[in-house]
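Residues per chain, in single letters:
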Amino acid sequence: MDPKTKKLGLFEDAMQRVYGPYPTDTPNPASWEPPANPGAGGHRGRYLWTDAFGVVNFITLSRERGSAHSQQLYLELAKRLADTVHSILGRTRDGASRLPGATDEEPLKGGLRIGKLDAEGPDGDGQYHHYLTLWMFALNRLALATGEARWNVLAVQLAKAVHPHFMTKRDGQESMVWKISTDMRRVLVNSKGNLDDVDGLVVYQLLQNTAELFKKSATNTSEASASLDTEIEHYRRIMATHSKSLSGDPLDLGMSLWISHFDRDASWSRELAKDGLTITRDRFLPAAQSPITASRRSPYRLAFREFGACLGIKCYVEDPAQPLYAGAEVVLDAWEGKALDVADEDLRPINLVMYAAALIPRAFRRGYVSLESAEVNGPA
């Protein structure tokens, strides 16, 4: 079996184990519903971070399987998953009502819950900025892959709704908070996430650029062109006063390289990527390429964190012939068939979707999906 075919098989197997069984013999999977137990491993089977990877991975499958049938099938699966996330995480935990601020016409105006199993407590439910921006990215990729502007409209709606609730001032200086309550009325974690301002800047720019593309490409898409200029400039101001330093955590490393590859020429991107590539070469790869055994798997080797690092490396480096890219492949080979089978059940879904994304990170890469490869439709 050639390496590409093997990777695609491992990718699909990982997705089936989280979202399966889903049909592969019909372009219209009308009977499929994203499984709720364990599903993505969160409340009522949904967890925002995991499902964001699920949507983007289905988009990858829609292209990599290489047929019109497959493209329609996997995009339908991605859309059904997105709708299910909105219907569960966009509502109160009992499902009785939409989150405060949301309406039937604007279902994401109340934000989206994380999907934590517990309602309260240190690891209780709420809203994370970095989960929300990742979900916005997934909706943006879905809009580009399908040519349906409504998905980007929803992402912009979410972006504008949540932004002010994560903003604060410390000692007179603009800053951010990391976690807020489900109803967006209380701050739960007052510190700023390391990459939250960068994530916001890049993702909000992607949303705005995509809205402009839809506006130019089709009629009746004025709704898609809502401006995010104010929010984008807010992130720029925060970035200007908050220095960036990477902790060495593999997931932080990977997400920094991933977000940096969208704007390689920006000064913040060059600095962040330089640090990330140095950590990759000097610390991450030497440690992560060592054999994985039962005694070494825990507590300091968490599969999803290493997969996040590999994803970021492969998005930023791109050339498989480069040593860092090859090193990431060695890490993925070391994990194959090990922790994915014996990991803590609570972590299995996130491990699997991030493993798949690290194997074939296509739809996470800049330029992989575009309006040129999709029929453009206005908001539904």
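Structure shown above.
Residues numbered from 1 in each chain as written. Predicted model: local features only at pLDDT ≥ 70, side-chain atom pairs only at ≥ 80, totals over all residues. Heavy atoms only, no water.

A. How the structure looks around the overall build of the protein chain. Of regular secondary structure, the protein chain possesses 13 helices and five strands. In terms of overall dimensions, the protein chain is globule-like: its C-alpha atoms have a radius of gyration of 20 Å, near the 21 Å expected for 380 residues. Taking the principal axes of the C-alpha coordinates as reference, the protein chain spans close to 55 × 50 × 40 Å. Expressed as a percentage of its 380 residues, the buried residues of the protein chain come to 56%. Put simply, 70% of the contacts in the protein chain that link residues at least 6 apart link residues at least 24 apart. For the protein chain, the centre of its 45 positive side-chain charges and the centre of its 48 negative side-chain charges are spaced 2 Å apart. (Helix = DSSP H or I, 4+ residues; strand = E, 2+ residues; numbered from the N terminus. Rg over C-alpha atoms; globule rule 2.2 N^0.38 Å. Buried < 20%, exposed > 50% of the residue type's maximum accessible area, 1.4 Å probe, protein only. Contact = heavy atoms within 4.5 Å. Lys, Arg positive; Asp, Glu negative; His and termini not counted. Charge placed at Lys NZ, Arg CZ, Asp CG, Glu CD.)

B. Examining helix H2 (residues 48-64) more closely. Between its terminal C-alpha atoms H2 stretches 24 Å, which fits the 24 Å expected from 17 residues at 1.5 Å a residue. With its phi angle positive at about 80°, Gly66 sits one or two positions after the end of H2. (Expected span 1.5 Å × (residues − 1).)

C. Representation of unusual backbone geometry. With an omega of 0°, the peptide bond between Gly20 and Pro21 qualifies as cis. Cis geometry is adopted by the peptide bond preceding Pro38, which originates at Asn37 and carries an omega value of 0°. Looking at the element boundaries, Pro38 is found in the loop between helix H1 (3-19) and H2. The phi dihedral of Arg44 is positive, around 55°, even though this residue is not glycine. Along the chain, the position of Arg44 falls in the loop between H1 and H2. Look at Arg44 and you get partly exposed, because its relative accessible area is 40%. Notably, Met184 is not glycine yet its phi reads approximately 65°, a positive angle. Among the secondary structure elements, Met184 is positioned in the loop between strand E4 (179-180) and strand E5 (187-189).

D. Region of interest: the packing of aromatic side chains. Using the criterion set out here, one finds 19 aromatic pairs in the structure. Where Tyr128 meets Tyr131, the ring centres are 4.8 Å apart and the plane angle is 75°; that geometry is what we call edge-to-face. For the pair formed by Tyr128 and Tyr131, the shared burial category is buried. A connected cluster of aromatic rings, assembled from ring pairs, spans Tyr47, Trp49, Phe53, Tyr128, Tyr131, Phe137, Trp178, Trp258, Phe262 and Phe364. Over the face of the ring belonging to Tyr316 we find Arg264, whose NZ or CZ atom lies 4.3 Å from the ring centre. (Phe/Tyr/Trp six-rings, centres within 6.5 Å; stacked < 30°, edge-to-face > 60°. Lys NZ or Arg CZ within 6 Å of the ring centre and 35° of its normal.)

E. Local environment of the environment of Arg186. Secondary-structure assignment places Arg186 in the loop between E4 and E5. Along the chain, Arg186 and Ala309 lie 123 residues apart, while their C-alpha atoms are 32 Å from each other.

F. Structural context of helix H4 (residues 129-146). Between the first and last C-alpha of H4 there are 26 Å, a value that for 18 residues agrees with the 26 Å anticipated at 1.5 Å per step. Counting buried positions along H4 gives 18 out of 18 residues, so the element sits mostly inside the fold. Directly beyond the C-terminal end of H4, a positive phi value near 75° is found at Gly147.

G. The arrangement of the packing of H2 against helix H3 (residues 68-89) in detail. Where H2 meets H3, the closest approach of the two axes is 7 Å, and the angle between their N-to-C directions is 165°. When the interaxial angle is binned, H2 and H3 end up roughly antiparallel. Crossing of H2 against H3: the hand is left-handed. Only Ser70, Gln71, Tyr74, Leu75, Leu77, Ala78, Leu81, Ala82, Val85 and Leu89 of H3 make contact with H2, whose side of the interface consists of Leu48, Asp51, Gly54, Val55, Phe58, Ile59, Leu61, Ser62 and Arg63. Within the contact of H2 with H3, the residues separate by chemical class into 13 nonpolar, four polar and two charged. (Axes fitted to C-alpha atoms, helices over the stretch in contact; angles between N-to-C directions. Parallel < 35°, antiparallel > 145°, perpendicular 65-115°, else oblique. Left-handed = near helix turned anticlockwise from the far one by under 90°. Nonpolar A, V, L, I, M, F, W, Y, C, P; charged D, E, K, R; others polar.)

H. The pattern of salt bridges, seen in detail. Evaluation of the coordinates by the stated rule reveals 26 salt bridges. Arg65 is paired through a salt bridge with Glu12; the nearest N and O atoms lie 2.7 Å apart. A residue pair is termed long-range when its members are at least 10 positions apart, and Arg65 in the loop between H2 and H3 and Glu12 in helix H1 qualify at 53 residues. Between Lys244 and Asp197 there is a salt bridge, with its nearest N and O atoms 2.9 Å apart. (Salt bridge = Lys/Arg side-chain N within 4 Å of Asp/Glu carboxyl O.)

I. Structural view of the side chain of Thr146. Counting through the fold element by element, Thr146 comes out in helix H4. Thr146 sits in the buried class, given a relative accessible area of 12%. One polar contact links the side chain of Thr146 to the main-chain carbonyl oxygen of Leu142, over a distance of 2.7 Å. Within polar-contact distance, the side chain of Thr146 engages the backbone nitrogen of Glu148 at 3.1 Å. (Polar contact = N/O pair within 3.5 Å; in protein donor to acceptor, adjacent residues only side chain to side chain.)

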